[in-house]
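# Fold and geometry: a report
This is what each chain is made of:
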Amino acid sequence: MTSAPLEAVAAPERRRRLRPSGGQDKVFRIVLRCAGAAVLVLMAMVGAFLFSKAINALRLAGWSFLTTEEWEPDSGHFGIAAVLTGTILIATVAISIAVPLATGMALYVSEYAPQRLCRWLINMIDLMAAVPSVVYGLWGFAFLQGHVIGLARWLSTYLAWFPLFKVTGSDPRDPLATETVYTSSTFIAGMVVAMMVAPVICSIMREAFSQAPIGEREGAYALGATRWGMIRSVVLPFGKGGMIGGTMLGLGRALGETIAVYLIISPVFVIQPHILQNGANSVSALIALRYGESGPVALSALMAAGVALFLMTLVVNFAAGSIVARSRSGAESEA
């Protein structure tokens, strides 16, 4: 009769003895807070440095810095309208290609691949993410570009009614028309960047898909669902937050990609909305192209372009982090 109350009293004592000491917890919290604060301080220092170097150019250009297409800092006529548009177009092409590819890879690895093959594929995907961007750029310039011209020509032949796929100054149906109009384009640069960001997006999606609850998976099968039915009703809804977060993190990298884009594009300083046509530009490629030959005013202008890119990527990455943090590694399943 008295043993149960004694055990009830002893249980809290055992739990108190098993808990870590308060000093260790406090040290661990302090270390984590210092690490988080250091990241924020470094980010603020980078932003403050860029803004301090860009302030002279921003004062000189004013609000026209956002609307001017030309880049002539020495004459006081410069802006990022063209390069910012090119940056967004290249990133859009990259994400449009990378997201379906990454989603398919992630679903195959997490749901269909045999266990032995699954480990090998995960290692290969991680290895792709570790390849330097200059290697992707050289591959795109020397190999991919020559093999994509036919696809670009086909798209311009049958989809020219859509403004993005229109190519001016060339008839795609003319067999004697030059093919150089399709080289060094936004489309080719976007494809190379897509190969670079797809492994990052795939890794995040794969982790989200693999954490879908076993009970809900088995419940879907018990109700008669096929494997694809289970994926559609359980895995995809559960991994929705990871899919969105991974896509936006990939977008953040695509916006800032430099060397691969620099090696492929033919820089132009006009708004070029035709993604299949020769000529493109981006903020990061502009900085890489002009940094070595810039005087004080031009260097300040490049820093101002860097500020714009810094703010844009910062917004994208913060939005991605917010989406991932608010999801329980995904959304509620519908099973």
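Here goes a summary of the coordinates provided. (Residues numbered from 1 in each chain as written. Predicted model: local features only at pLDDT ≥ 70, side-chain atom pairs only at ≥ 80, totals over all residues. Heavy atoms only, no water.)

### Considering the nonpolar core
Spelled out, the test is: As used in this record, nonpolar core signifies buried Ala, Val, Leu, Ile, Met, Phe, Trp, Tyr and Cys residues forming a set joined through side-chain atoms within 4.5 Å. Here's how the labels work: a residue is buried when its accessible area is under 20% of the maximum for its type, exposed when over 50%, partly exposed in between, all with a 1.4 Å probe on protein chains only. Every helix listed is a DSSP run of H or I at least four residues long, and every strand listed is a run of E at least two residues long, numbered separately from the N terminus. Should any heavy atoms of two residues lie within 4.5 Å, those residues are considered in contact.
Counting 80 residues, the largest nonpolar core has Trp71, Phe187, Ile201 and Leu276 as the members making the most contacts within it. Ranked by residue count, the leading element in this core is helix H6 (residues 186-210), at 14 residues. Discounting residues that sit within four places of it in the chain, Leu276 has contacts with Ala152, Leu155, Ser156, Leu164, Phe165, Val167, Val181, Tyr182, Ser185 and Phe187.

### Structural notes on a nonpolar patch on the surface
Heads up, the rule is: Like-charged residues are merged into a patch within 9 Å and nonpolar side chains (Val, Leu, Ile, Met, Phe, Trp, Tyr) within 5 Å, provided each residue has over 30% relative accessible area and no salt bridge. Residue exposure ignores everything except the shown protein chains as possible cover, and the areas themselves are Shrake-Rupley values with a 1.4 Å probe. By definition here, a salt bridge exists when the distance from a side-chain nitrogen of Lys or Arg to a carboxyl oxygen of Asp or Glu is within 4 Å.
Together, Tyr108, Tyr112, Leu117, Trp120, Met124, Leu127 and Trp228 give the surface a local cluster of nonpolar side chains, amounting to about 700 Å² of exposed area. No other element matches helix H4 (residues 115-130), which puts four residues into the nonpolar patch. One can find Trp228 in helix H8 (residues 227-238).

### Focus on the side chain of Gln145
As for its placement among the helices and strands, Gln145 is situated in helix H5 (residues 133-158). Excluding anything up to four places from it in sequence, Gln145 contacts Gly140, Thr183, Ser184, Ile188 and Ile264.

### Considerations on the packing of aromatic side chains
What counts is decided by this rule: Only Phe, Tyr and Trp rings take part, Trp by its six-membered ring, and two of them pair if their centres are within 6.5 Å. Stacked means planes under 30 degrees apart, edge-to-face means over 60, and tilted covers everything else.
Overall, the coordinates contain six aromatic pairs when judged by the stated rule. With 5.8 Å between their ring centres and 70° between their planes, Trp71 and Phe78 make a pair best called edge-to-face. Taking the relative accessible area as the measure of exposure, Trp71 reaches 6% and is therefore buried. A relative accessible area of 1% means that Phe78 is categorised as buried. Every member of this aromatic cluster is reached through a ring pair, and the members are Phe65, Trp71 and Phe78.

### As for H6
Operational definition: Here the expected length of a helix is defined as 1.5 Å per residue gap, with one fewer gap than residues. The quantity called bend is, for any residue, the angle between two axes fitted respectively to the seven residues ending at it and the seven beginning at it.
Over its 25 residues, H6 runs 35 Å from end to end, which matches the ideal 36 Å to within 8%, given 1.5 Å per residue. At Val197, H6 shows its maximal bend, which comes to roughly 35°, and the proline Pro199 appears one to four places after that position. The element H6 is largely enclosed, with a buried count of 20 among its 25 residues.

### Notes on empty space enclosed by the protein
Empty space left among the atoms is revealed by rolling a probe the size of a water molecule over them. What counts, and what does not: Buried and open spaces are told apart on a 1 Å grid over the protein atoms alone, a cavity being a set of points where a 1.4 Å probe fits but cannot get out and a pocket being an open set with protein on both sides within 12 Å along at least five of seven lines. Residues with an atom within 4 Å of a point are the lining residues. Grid points are joined across faces, edges and corners, and a volume is the space filled by probe spheres set on the points. Under this grouping Gly is polar, as are all residues other than the nonpolar Ala, Val, Leu, Ile, Met, Phe, Trp, Tyr, Cys and Pro and the charged Asp, Glu, Lys and Arg.
Within the structure shown, the criterion is met by one cavity of 30 Å³ or more. Here the largest cavity defines a volume of roughly 40 Å³. Every residue lining the largest cavity is listed: Ala82, Gly86, Thr186, Val268, Val270, Ile271, Gln272, Ala280 and Asn281. Its residues placed into classes, the lining of the largest cavity shows five nonpolar, four polar and no charged.

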